[in-house]
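Okay, here's what each chain looks like letter by letter:
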Amino acid sequence: MKKYNYKYFWIFTIVISCILFCAFIFKIKIKQKFIKIGLCVQLSGPGAELGLGVRNGARLAVDKINANGGVAGKKIILLVKDDQGKPTIAKQKDLELIKQGVVAIIGHITSSVSIAAVPIANKHKTVLLSPTTSTPALKNKDDYFFRINTISEDEAKFLANFAFNHLKLNRIGIIWDKKNVYYSKYYAKSFTQAFNKLGGNVLFSIGYDKPNSINLSLEKITPQFKIKNILFICSDIDLLTFIKSKFRYISYILASGWPMTPTLTINKHLLENKNIFFASSTPPKKNQKEIMFEKSYKKTYGFSPVFSAVKGYDAVRLIVKALQINPNNLKKGLLKIKNFPGIQYKITFNKYGDIKTPTYIYQIKNGHFIHIKYDK
Amino acid sequence: MINNKHKLTHLAKKFVIQKIGYPSIIISIILTSLLGYAEIKYWINISKQQNKIVNQQINMFLNLTLKQLRKLEVFFESRSLNDLTISQISLPSFADNIFILNKKYHPIYVYPKNQKIPYLNLIFDNFKKKVAYSRLYYSINLNKLAFAILDNARAKYSYLVEMDIDVFQKNIQKLVKTQKKEILIVADNYGNVIASSLSHLLDIQENINYLNFFKKLKKNKNIFYISIFNSSPYFIFGESFGHYQIIRLIKPIDIILPLIYILLVTSFILISLNVYFGISINNFIYKTISKPINRFSEILDTSLDNKFIVKNLNKLKSETKFKELDIVIRKLIYYLNQLNIFEETLKEKKQDLEFLLNNLPMWIWYLNDPNTFGIINKNLANFLNLDVHSYNQKIPFDTLSSPKIIEEIKRENKYLFEKGKTIKVKRWFTTKNGQKKLIAITKQPIFDEKGQVKQAICFGLDITENYLQEEKRKQLEEQLRRMQKMEAIGTLSSGIAHHFSNLLQAIYSYLNILKRSQDNIDKNIFEKIYAQIKKGKSLVQSLLAATHKTPEEFEIFELNKFIQQILDIIQSSYPKNIKIKSYIEQTKLYINGNQGLLEQAILNITNNAKDVLKTKSQAEINITIASETINKQNYIRIEISDNGPGIPSKYQNKVFEPFFTTKDIGKGTGLGLYLTYQIIKMHKGKINFITNNKGTTFIIYLPQNNCPSYSKTNNSSLPEAPFSATILMIEDEELILEGVKDFLEDKGLKVIGAKDGEQGLELFYKLHNKLDIVILDLGLPSIPGKEVLTKITQYTSNIKIIVCSGYHHHEIAKNPQKFKVSAFLSKPYELEDLYKVILKILEVKQ
């Protein structure tokens, strides 16, 4: 068969051509490896704005890092999942991400979701870095859960203090979101404890599933107690819904940092002539980095960032930093980080993966969140 | 079916693979590529058209909205706006809230009432543009995601319409629902998805700004891109329409899959065709080509016999339908037949050539190099003990005895091959049986194309015979030269002898007269003079014999007596130291010869012996006579031997040459043994000699004769003539004429003399009636004797003619009858002899 050796040459040529063709089509970079980072936040449904902000901020960070050559020559891929703000879906999505080989998961937004997801992260020894979760339920636990938001307890106490001492409010009602029970209930509890301690009276503390569902009971409640001050522990849209509908005539509205989004400012006309105060860890003065970030964000997405965008941005950078410190053990890497230059503040994790930041009081006026100087 | 074991199926395979298989593969690849290209192109074109529709639709919505907004102005002027419903205003269903703003962007009119205007700064990039489109935002008025258009183009007011993005999107969604498994994304310039066939992209407010293809699309009007989206590869086609980007994504598999189907179908067809062609071509090749060719090769393979091959080929020719093969076979048969003829001819030629080569009386050989034979012929092979059939044999120098010859041959061959020049040489070789052969060798170089000597062709011709003949020829030439010498001497001596014999004849005639007239003179003196005349005559005869000019005056006589007489002479005259011994056979031996000549011949031998033995003591001369029969012929063998020193070898060849002598000047003439040789030859005998250092023996063979029937009569008493006769004698020598006249007239005969031919003829014509005999001398002045003879014989035949001449070798002497001559007498003749002849003639005449 020696005579027909050129037959193999033909076959060889054809096979090589096919391989080259395929390689061209799919741009297979054989030796290139990627670092996969998972991002699982609420991207759809009401209250998705924080999650969208986190996603957009994180993508900005990834773009910037990849543009600078990636991590040790490896590009970062951000795998984005929508947990729809639902714990069951979040767990499922987290597992999917872990299966896809992510080094860490950035998520989730609300405390309830985060609490549900932590066991999975621990089980798979995958860091779960939450940009916004502030529930005290996860504090002081040596697990794979990290967060770059301060624990809500302090915020609630600070707000109670501000309401009692600064606003001179004696009586207050609390409406909290049942969907984010681990946040809002804990927040309400902390606030109640602090407010009662100061001598105030929390007239009621009601959880809701949907803003409209409490309408009837409130109507009953309101004339009876003549409640004029209410603390809302809810998302921006829920807050707008409340204000628009049943609570149009309330004098003082208190809220946590959760609803401090552009959605409120866009619909500022609804909030006109309302005294609305927020307790937030967002620093009042924008530093240069934050301004730059906002510019870049706006240029990319066409609108201004929500506060969670900064946290999403920082979350990616923190993971990258931790990888640089300890590529094999991200948890140890994160714990070793000291005074990480975040956009808004320096970040240092305690041994449980929590951070502590000061709380500031803001009032929305004319579509702007104005810092109210208050020192207890 | 295909015979897979058959060699030539490879041919079919090769043919099918090369001519159908590879082209099929190439065609498939090209076809697939073309189809792929066409499909992508088609997809892009379709996409473009659909995008256009989508764009038109979006624009239509937006423009319609704008148009309706502008209509509002009319209604607004009439202040009747509040009375109208949205449907009455004809705004699109998704245009929910309308805000009419003054130039400071404060709402003057809000529809429906109590709706809150969104914060323009936040929802628009630049709300002061002529027409501004907002980003998606949460509208508290609608309690859901909303989208706004701001029309600043009017003079007094600006119009803001807030639309339910869900409704807007649902409308677009209808358009973007694709039949194919493709994804359609409509995004604004920032990558915010405003419509998509993947509805969840809207749910999660996806922004595709981070994707590479979108970044590229921002720079180009349209793109075709291959990239990863949602962890899968996609063909991406994007188009920019100012405010919107429409992007279509399709999985390569959805484009490739139909191609694969096509490829499979074409492959199947091609494979089927290939198999069909393969089988049919193979069958065709097997039946038409391979089988007959195989058979053909088998035929050619099995035998070397051309005739057998031709026979089988003829069979195959009748079977095959393969035209070309048929032609090949026919041609082959033709050539094979030709070849047979050529072969036979060649064989014959070869045999002829071999026969010629081997039977030519010469050596023929090729030299491949100076030391190696190529072809050699039989003669040379036999000579050198080599095999005539083998090639490349080394030259067996050992068999050549002489080292000198070996050296010569080696040098010669080297020279031949180096210089390339023809060599001609003669060389002696010794054959196996010791015979010496002279061989003339020619070595001729044969050159190759480069002019180098490739081979040499050589011939060796046995020229021993030629050489010997040449030698003989040289001897003959020498003999001829000698003969010429002798001829000259002969002519000289015969002339002398003629005159001398005339002189003697005259002396003799006068002595007769004197004897008759003077009775008182001592008779002994006459006898002694007669003896001297006889000796003189004998000398003349010897001289003439030496030149063959003696007449054959032979007689039969007894040799025993003759030898005894010679012995007597020898014994009395030779010195006493020489002992003469003789052994003569008792039986009487006769011989026909001339006693005088033979005596001279024998004495010449014995005289030579005597001269050698003169000083030797115990010298001997032996003479032996014996009869011997050789070849039924009786010979007398005469041996004369001496015990002298023998004849030196250098002289042995010259012994019988005339004028050759070893004796001192004046002592020998050099004619002795020459005369002996000539005399023996004259007697039809042979003479030879054996010599060594102990002596020399001459052996003479003479033909033996029978006893004679009569004996010689005594000539002392001649009778008188019984009758008278008239004789005309024509003789120029007057002495002879007178002598003869006197003698014959004494006897009673009448003699008329004439001194020359003219006178003789005159007398003849005058007296011819009275004449009986004419005695004619040949050497006559005026008219030669022969002419006279002719005229006489022509004139009459009655007269007898006797010719007397000193020219013993004259033709008349040899055959007198031919010339009508009755007798011939050689001068000098005895008068009695003449008388006897006349008597005899007259007796006959009587």
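Residues numbered from 1 in each chain as written. Chains lettered and ligands numbered in written order. Predicted model: local features only at pLDDT ≥ 70, side-chain atom pairs only at ≥ 80, totals over all residues. Heavy atoms only, no water.

## Section: the pairing of strand β26 (residues 773–777) of chain B
All names here are of chain B. Counting buried positions over the five residues of β26 gives five, a clear majority of the element. With burial as the criterion, each face of β26 is covered, one bearing Ile773, Ile775 and Asp777 and the other bearing Val774 and Leu776. Where strand β24 (residues 726–730) lies against β26, four bridges are found, and the strand directions are parallel. Across the sheet, the residue bridging to methionine 729 is isoleucine 775, located in β26. Of the strand pairs in this sheet, β26 and strand β27 (residues 800–805) are connected by five bridges, and their pairing is parallel. The partner of valine 774 across the bridge, within β27, is isoleucine 801. For the handedness criterion, the β-α-β arrangement of β26, helix α20 (residues 785–795) and β27 is classed as right-handed. (Buried < 20%, exposed > 50% of the residue type's maximum accessible area, 1.4 Å probe, protein only. Helix = DSSP H or I, 4+ residues; strand = E, 2+ residues; numbered from the N terminus. Pairing = 2+ DSSP bridges. Right-handed = clockwise from strand over helix to strand, strands pointing away.)

## Brief notes about helix α2 (residues 49–67) of chain A
Residues and elements named next belong to chain A. Under the 1.5 Å per step criterion, the end-to-end length of α2 is 27 Å for 19 residues, consistent within 8% with the ideal 27 Å. Across the 19 residues that make up α2, a large majority, 16, are buried. After α2 finishes, the residue glycine 69 shows a positive phi value of roughly 105°. (Expected span 1.5 Å × (residues − 1).)

## Concerning the confidence of the model for chain B
All names here are of chain B. Of all residues in chain B, 89% attain a pLDDT of 70 or more, and the chain-wide mean is 80. No element of chain B has a lower mean pLDDT than helix α2 (residues 86–89), which averages 60, and none a higher one than strand β23 (residues 695–703), which averages 91. Counted against residues more than four places away or in other chains, residues 711–717, with its pLDDT under 50, gives four contacts. As a predicted assembly, this complex carries a pTM of 0.54 together with an ipTM value of 0.80. (pLDDT = per-residue confidence, 0-100. Contact = heavy atoms within 4.5 Å.)

## Quick look at the sheet that holds strand β3 (residues 104–106) of chain A
Either a parallel or an antiparallel arrangement is found when strands of a sheet pair, and the pairing is made through backbone hydrogen bonds. All names here are of chain A. Strand order in the open sheet made by the five strands is β2-β1-β3-β4-β5, with parallel pairing throughout. Taken across any chain shown, the strands that pair with only one partner, and hence form the sheet edges, are β2 (75–82) and β5 (145–147). Averaged over all pairs of adjacent strands, the angle between their axes in this sheet comes to 25°, without regard to strand direction. The pairing of β3 with strand β4 (residues 127–130) spans three bridges and is parallel. Residue isoleucine 106 lies in a different strand from β4, and its bridge partner there is leucine 129. Helix-sheet contacts for α2 involve β1 (34–41), β2 and β3, and the interaxial angle to β2 is about 170°. (Axes fitted to C-alpha atoms, helices over the stretch in contact; angles between N-to-C directions.)

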